[in-house]
Amino acid sequence: MSEQTPLTPLDLPEGDPFGPHNLPYGVFSLPEDAVEARRVGVRLGSYVLDAGAAATALGSPYVSLLARPTLNPLMAAGRTAWSDVRRALTAWVTVPAHRETVRPLLHPLADVTLHLPFEVADYVDFYASENHARNLGRMFRPDEEPLKPNWKHLPVGYHGRAGTVVVSGTDVVRPSGQRKPPADPAPVFGPSVRLDIETELGFVVGTPSAQGTPVPLSAYRDHVFGLCLLNDWSARDIQSWETVPLGPHLGKSFATSVSAWITPLDALDEARVTPPERTYPLLPYLDDSAPSADGIADEPGGYDLQITVTLNGHVISETSSASLYWTAAQMLAHMTVAGASLRTGDLYGSGTISGASENSRGSLIEITWNGRDPIELPDGKRTFLENGDVVTMTAWAPGPNNTRVGLGEVTGRIVAGAAA
Ligand code: MN
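All values derive from a computational prediction rather than experimental measurement.

Student: Got a sec to walk through the overall build of the protein? Specific residues and values, please.
Tutor: Counting its regular elements, the protein contains 11 helices and 26 strands. Over its C-alpha trace the protein gives a radius of gyration of 22 Å, about what one expects of a compact globule, namely 22 Å for 420 residues. Overall size of the protein, expressed as C-alpha extent along the three principal axes, is 75 × 55 × 40 Å. Long-range contacts, defined here as pairs at least 24 residues apart, represent 74% of the contacts in the protein between residues at least 6 apart. A total of about 18000 Å² of accessible surface is found on the protein, and carbon and sulfur atoms cover 54% of it. Charge-centre separation for the protein: the mean point of 31 positive side chains lies 4 Å from the mean point of 47 negative side chains.

Student: With reference to specific residues and values, describe the nonpolar core.
Tutor: Membership of the largest hydrophobic core comes to 65 residues, with the highest contact counts inside it found for Phe203, Tyr220 and Tyr348. Not counting residues up to four positions away in its chain, the partners in contact with tyrosine 348 are Val124, Phe126, Leu201, Gly202, Phe203, Val205, Tyr220, Val224, Ala328, Met331, Leu332 and Met335. Within the second largest apolar cluster, 38 residues are counted, among which are Ala51, Val85, Trp92 and Leu230.

Student: Provide a residue-level description of the coordination of the manganese ion, including the pertinent values.
Tutor: Protein ligation of the manganese ion involves Asp125 (OD), Glu198 (OE), Glu200 (OE) and Asp232 (OD), the donor distances falling in the range 2.1 to 2.2 Å. Between the donor residues of the manganese ion, the gaps in sequence give the motif D-x72-E-x1-E-x31-D. Pair noted here: glutamate 200 is in strand β13 (residues 199-205) and aspartate 232 is in the loop between β14 (224-231) and β15 (234-235), with a separation of 32 residues, a long-range link. Grouping residues by exposure puts glutamate 200 and aspartate 232 together as buried.

Student: Report on helix α6 (residues 130-140), specifying residues and quantitative values.
Tutor: For α6, the complete set of buried residues consists of Glu130, His132, Ala133, Asn135, Leu136, Gly137 and Met139. Residues of α6 that are buried make contact with α11 (364-367).

Student: Can you tell me about the domain arrangement of the protein, naming the residues and giving the values?
Tutor: Domain boundaries in the protein define domain 1 (25-115) and domain 2 (123-415). Each of domain 1 and domain 2 has a C-alpha centre, and these two points are 29 Å apart. Listed as interface residues are 20 residues of domain 1 and, on the opposing side, 18 residues of domain 2. Both sides together, the interface formed by domain 1 and domain 2 hides about 1600 Å², and carbon and sulfur atoms give 66% of it.

Student: Mind laying out helix α4 (residues 79-94), listing which residues take part and the relevant values?
Tutor: Under the 1.5 Å per step criterion, the end-to-end length of α4 is 23 Å for 16 residues, consistent within 8% with the ideal 22 Å. Along α4, the residues classified as buried are Ala81, Trp82, Val85, Arg86, Ala88, Leu89, Trp92, Val93 and Thr94.

Student: Which residues make up the layout of surface pockets, and what values go with them?
Tutor: If you add up the space inside the largest pocket, you get close to 1100 Å³. When contributions to the lining of the largest pocket are tallied by element, the ones reaching two or more residues are β6 (123-126), α6, β7 (157-159) and α8 (236-242). Partitioned by chemical class, the residues of the lining of the largest pocket number 19 nonpolar, 11 polar and 11 charged.

Student: If you had to explain unusual backbone geometry to someone new, which residues and values would you point to?
Tutor: At the junction of valine 244 and proline 245, the peptide bond is cis and its omega measures out at 0° in the coordinates. Within the secondary structure, proline 245 is located in the loop between α8 and α9 (250-253). Phi is positive for leucine 23, close to 55°, though the residue is something other than glycine. Here leucine 23 is to be found in the segment before β1 (25-29). Of note in this structure, asparagine 312 is not a glycine but carries a positive phi near 50°. Within the secondary structure, asparagine 312 is located in the loop between β20 (306-311) and β21 (314-320).

Student: Run through the sheet that holds strand β26 (residues 404-415), naming residues and quoting values.
Tutor: Hydrogen bonds between backbone groups are what pair the strands of a sheet, and the pairing can be parallel or antiparallel. Strand order in the open sheet formed by 5 strands is β9-β26-β25-β20-β21, and the pairing between neighbours is mixed. The open sheet is flanked by β9 (172-173) and β21, the only strands paired with a single partner. Note: strand β25 (residues 390-398) against β26, 8 bridges, orientation antiparallel. Bridge assignment links tryptophan 396 to a residue of β26, and that residue is glycine 406.

Student: How would you summarise the pairing of β14 if you had to cite specific residues and measurements?
Tutor: Looking down a regular strand, the side chains alternate between one sheet face and the other. Counted residue by residue, β14 has 8 buried out of 8 residues, so it is predominantly covered. Summarising the sheet, β13 and β14 pair through 7 bridges and their orientation is antiparallel. Within the sheet, the bridge partner assigned to leucine 201 lies in β14 and is leucine 229. Taken together, the 2 bridges between β14 and strand β17 (residues 263-264) define a ladder with antiparallel strand orientation. Its bridge partner being in β17, leucine 227 is matched across the sheet by threonine 263. Note: β14 against strand β16 (residues 256-258), 2 bridges, orientation antiparallel. Each residue of the ladder has a partner; that of asparagine 231, found in β16, is serine 257.

Calculation criteria
- Residues numbered from 1 in each chain as written.
- Predicted model: local features only at pLDDT ≥ 70, side-chain atom pairs only at ≥ 80, totals over all residues.
- Heavy atoms only, no water.
- Helix = DSSP H or I, 4+ residues; strand = E, 2+ residues; numbered from the N terminus.
- Rg over C-alpha atoms; globule rule 2.2 N^0.38 Å.
- Contact = heavy atoms within 4.5 Å.
- Areas by Shrake-Rupley, 256 points an atom, 1.4 Å probe, with all protein chains shown as cover.
- Lys, Arg positive; Asp, Glu negative; His and termini not counted.
- Charge placed at Lys NZ, Arg CZ, Asp CG, Glu CD.
- Core = buried A, V, L, I, M, F, W, Y, C linked by side-chain atoms within 4.5 Å.
- Buried < 20%, exposed > 50% of the residue type's maximum accessible area, 1.4 Å probe, protein only.
- Donors = N, O, S within 2.8 Å, 3.2 Å for Na, K, Ca; no water.
- Domains from an automatic or database assignment.
- Buried area = accessible area lost by both parts, 1.4 Å probe.
- Expected span 1.5 Å × (residues − 1).
- 1 Å grid on protein atoms, 1.4 Å probe; cavity = no way out; pocket = protein on both sides within 12 Å on 5 of 7 lines; lining within 4 Å.
- Points joined across faces, edges and corners; volume = space filled by probe spheres on them.
- Nonpolar A, V, L, I, M, F, W, Y, C, P; charged D, E, K, R; others polar.
- Pairing = 2+ DSSP bridges.

Right under this line is the structure:
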């Protein structure tokens, strides 16, 4: 093998979705550490590279960004640094001269503990899937037009609870709260009996912005560091009683799960797709139909991610984010247009991703049509989640040269709350 031939590190199988074309970021610790030491890691196949240790061993200028316990310093460093660090990491895992240095710094994923990879600042959740919004409208407002009049003019969203965002693998405690079945005269308190999932993409902000200065569509890639899968666990019974007229509150604030791996936007260039045709002209700050004046925002705004959802190992949904009506750039522009600043670690979700077909719906309330059509599992029927149920979302995107870019899974198990 000549010096110029890139090695496949640790002999990754050809086409591994976590090959050197991907390199998502996470945070891990090793069980043998006497005191838990969190480290920035980069996933390679079924291994994680200790990125800070590699930077140190190779005399890299990026030690200060990588030898850290969270991704926040790297996220805050900005787009040029993100590209430079990614280029360096690609070289560390592909250039033969680095192989002997890097190899001992790769740890099998099975041997490490993965942590929430960044400190979450604010959390906003949108409602960007037209199929999802229409399904919910048809279910709950059958006598009205399913979409509210604002829906195609702005990306509808609400502010969620940043402090209860948890990493994939964290158990989800069944929430208790008030619910009022329509036929009952008064609300009751107790564990939710309509616990649901929401299959979403999460977008992670790196570069902050100044309060009072909106972030235009063209600056999306200057601010957003990467994306991940997100499960917005939702207690439908708590939600439906509390939500009028101000929107979701406790029915969604008990837990939101994100992948342990944040996929850099630079790994997803091949996954960009044109979003669905717009029904109405958009106001200028959201209008992505014309070439931008500065030519920066001309890449397609959508992402074609193929997402699979399993419940106790059985596929219950296969969907694609290509159908989202609103793009990540539009959500960001809308979130800041009134003057809100961005902070490093801000997280925003796409809203439940549902396709047009019945097997591509992203929540149980849609899959079972509000409980009317239970799904059959080997261990019994389901309308909503039972204690012990495990929900796992996986996804891949088209990568360069017909490869696939794998996204980190997001999984969680439902456990009973303290006796109420
Ligand atoms: Mn949601």
